[in-house]
Amino acid sequence: MTEQREEAEAVTARLNRMAARAPDELKPSVAQLTSVLERSQAPETSPQDRDGIIGCAGHVAAALEAINAPGTPAAVREQLTDIVQQVASGLDAVSDPGVPEEQRAMTVLTLQGSASVLELIADPGTPQQLRDLLAGGTGSLNTAAARPSPGVKAAPSGPPGRSRGHQRTLITVYGTITRSDTSGGDRQSLAESAGEAAESLDKSTDPRVSQEDRDRAQKKLAEQIDRLQRQLEKIAATQGLPDVPLGKAAEVCANAAFSYVPEPKLIGFLAHLTPDKWNGEGVKDYWKSRQSGDGSLDVQAQLKNNSFDRAPFGIARLVPELADFIPARQLFGTLGMPGLHCLRSAVLLDEQGVRAGTWVDKGQELA
C-alpha cells in the first residue's frame, strides 16, 4: 500500500544516512535491512509483516544514531551492535520465499519485540543493569526464534507448539517494558523475569541439549511465564482502565489482537463476522481498524488474492467474539497493556446490555 511504501522509503533513506558513519561491521546489516525493506513491498507480503519490518528498521536506525554518537559508552555500543545484527540477519533469513507464512509472521513479531528495546538501551538514563538484562534476554529470545526447522534450510522457524505461546508472552513483556508509562521498578522486575524465561525458552528448544534437560527447561519455562503473566496483571491493575470512549477502546483492542494473535486462528474464529464480499476469496490477514461512526470499526484486511478491502464490523459483535477467543486470564500475556482497552470496551458494552465474556468481570475489577 502507498502509505507503507512511503514509510519504507523514508526509513531506508534514514538507514542509508546512518550507515555512512556506522562501523564497518554494521554495514552488511544495513544492507540486509534495506534489501528486506524493498522485498517486503511485494504484494504477497502481509501488511502486518510489512509493518513489523518497517518498525524493526526504524528502531535500528535510531540505534545507529546512538552507535555513531561519540559519547555512547563502548559497552552500550557493543550491546546495540549485537541486537542490530541479530535483527537484520533474522529478517533477512525469514524473507526467504520458502518460509511458511505463519512462521514468518512469528519471527517478524519476535524481532520487532527485540528491536523495540534498542532505544531504551541507548537512552543515557537507562541503568546499566537494565541494559544488561534487556540485551541478554532478547539475545536468548532471538536465538530460539532463529532455529531452523527440519526441511527448511536456514529459515527461522521458532520453537514449536506450546513454546510459541510462551514466546508470544515474552514479546508482549518486552513491549510493556518499553512503554513510557511503565515505571522503572516494573521495568527492572519484568526484565529480570523475562530474561530468565527467555533463557529457559532457548534451552527448551536447543537440539544440542538432551531431551531430559529440554523437558526440565520447558517445565521451568511454564512456571516463569505464569509469573510473568501475574506481573503483567499487577502492572495493569496499577494503571487502571483508560478513560476513552467505546470506539477508541475497541479500536486499540482490535488492533492489538490483529498484531499479536496468530492470523489463521483469528481468521477462522471471526469468519462468521466477515462481509459476504470477502467470503468468496477469503481473508489472508487482518491489518488494522479505525473507529467509524457510532458502534462500528472500519476494518482493513488483505484477502487471499493479495488485494485489500475494508468493511464495517459492529463493535457489539466483534468485542464479545474477541473476549471468547482470549479469556481474561490470558489477556495481558497475549496483548500486553492494550488489554486494558479491551476491558474498557467490555465494561462500556455491558452498560448497554451486551456481555463480553470474562472481560466484563475483570474490567469491573480494575475500573
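These numbers come from a predicted model, not from an experiment.

(A) Focus on the packing of aromatic side chains. Summed over the entire model, instances satisfying the criterion amount to five aromatic pairs. Centre to centre, the rings of Phe-258 and Tyr-286 are 5.1 Å apart; their planes meet at 15°, and the pair counts as stacked. You can see Phe-258 sitting in helix H11 (residues 246–260) and its partner Tyr-286 sitting in strand S1 (residues 283–291), a full 28 residues away along the chain. In this structure, Phe-258 and Tyr-286 share a single accessibility class: buried. Ring geometry for Tyr-286 against Phe-313: centres 6.3 Å apart, planes inclined by 90°, an arrangement best described as edge-to-face.

(B) Looking closely at the pattern of salt bridges. According to the stated counting rule, one finds 16 salt bridges in the structure shown. The salt bridge involving Glu-251 is made with Lys-248; its shortest N-O contact spans 3.3 Å. Of this pair, Glu-251 and Lys-248 both sit in helix H11, three residues apart, which is roughly one turn of that helix. With a relative accessible area of 12%, Glu-251 lands in the buried category.

(C) Spotlight on the state of the cysteines. Within the structure shown, the criterion is met by one disulfide. A disulfide bridge connects Cys-253 with Cys-342, and the sulfur atoms are separated by 2.1 Å. Classification of the bridge connecting Cys-253 and Cys-342 rests on its S-S torsion, roughly 100°, and on that basis the disulfide is right-handed. Taken together, the positions of Cys-253 in helix H11 and Cys-342 in helix H16 (residues 339–351) put the pair 89 residues apart, joining distant regions of the chain.

(D) Inspection of the environment of Ser-114 at higher detail. Turning to its location among the elements, Ser-114 is positioned in helix H5 (residues 101–115). On the basis of relative accessibility, which here comes to 0%, the residue Ser-114 falls in the buried class. A distance of 2.6 Å separates the side chain of Ser-114 from the side chain of Asn-142, its partner in a polar contact.

(E) Highlighting the environment of Val-283. Along the chain, Val-283 turns up in strand S1. For Val-283, a relative accessible area of 7% translates into the label buried. For the pair Val-283 and Asn-305, spaced 22 residues apart in sequence, the C-alpha to C-alpha distance is 8.9 Å. With residues up to four places along the chain from it excluded, the contact list for Val-283 reads Ile-267, Thr-274, Trp-278, Ala-301, Gln-302, Leu-303 and Lys-304.

(F) Seen up close, a negative patch on the surface. Side chains of Glu-6, Glu-7, Glu-9 and Glu-38 sit close together on the surface and give a patch of like negative charge. Here the negative patch takes three residues from helix H1 (residues 2–19), the largest share from any one element. Tracing the backbone through its elements, the reader meets Glu-9 in helix H1.

(G) Focus on the confidence of the model for the protein. On average, residues of the protein score 92 in pLDDT, and 95% of them are at 70 or above. A low-confidence stretch, residues 149–161 stays under pLDDT 50, and its non-local contacts, those more than four residues away or across chains, total 36 contacts.

(H) Quick look at the pairing of S1. Burial of S1 is extensive: seven of the nine residues sit out of reach of the surface. The sheet contact formed by S1 and strand S2 (residues 296–303) spans seven bridges and is antiparallel. Pairing of Ser-289 across the sheet is with Val-299, part of S2. Hairpin connection, S1 to S2: the antiparallel pair is bridged by four residues, and Gly-293 has positive phi, about 65°.

(I) Looking closely at the nonpolar core. Formed by 102 residues in total, the largest nonpolar core has its most connected members in Leu-15, Leu-64, Leu-91, Leu-134, Leu-170, Tyr-286 and Trp-359. Here this core gets 10 residues from one element, more than from any other, and that element is helix H3 (residues 47–68). If we skip the residues at most four places from it in the chain, Leu-64 touches Leu-15, Met-18, Ala-22, Leu-26 and Val-30.

(J) Focus on the sheet that holds S1. Spatially, three strands are ordered S1-S2-S3 in an open sheet, and the strand pairing comes out antiparallel. Two strands close off the open sheet at either side, each with one partner strand: S1 and strand S3 (308–314). Neighbour-to-neighbour, the strand axes of the sheet open up by a mean angle of 30°, direction not taken into account.

Basis of the calculations
- Residues numbered from 1 in each chain as written.
- Predicted model: local features only at pLDDT ≥ 70, side-chain atom pairs only at ≥ 80, totals over all residues.
- Heavy atoms only, no water.
- Phe/Tyr/Trp six-rings, centres within 6.5 Å; stacked < 30°, edge-to-face > 60°.
- Helix = DSSP H or I, 4+ residues; strand = E, 2+ residues; numbered from the N terminus.
- Buried < 20%, exposed > 50% of the residue type's maximum accessible area, 1.4 Å probe, protein only.
- Salt bridge = Lys/Arg side-chain N within 4 Å of Asp/Glu carboxyl O.
- Disulfide = S-S within 2.5 Å.
- Polar contact = N/O pair within 3.5 Å; in protein donor to acceptor, adjacent residues only side chain to side chain.
- Contact = heavy atoms within 4.5 Å.
- Patch = residues over 30% accessible without salt bridge, like charges linked within 9 Å, V, L, I, M, F, W, Y side chains within 5 Å.
- Areas by Shrake-Rupley, 256 points an atom, 1.4 Å probe, with all protein chains shown as cover.
- Lys, Arg positive; Asp, Glu negative; His and termini not counted.
- Charge placed at Lys NZ, Arg CZ, Asp CG, Glu CD.
- pLDDT = per-residue confidence, 0-100.
- Pairing = 2+ DSSP bridges.
- Core = buried A, V, L, I, M, F, W, Y, C linked by side-chain atoms within 4.5 Å.
- Axes fitted to C-alpha atoms, helices over the stretch in contact; angles between N-to-C directions.

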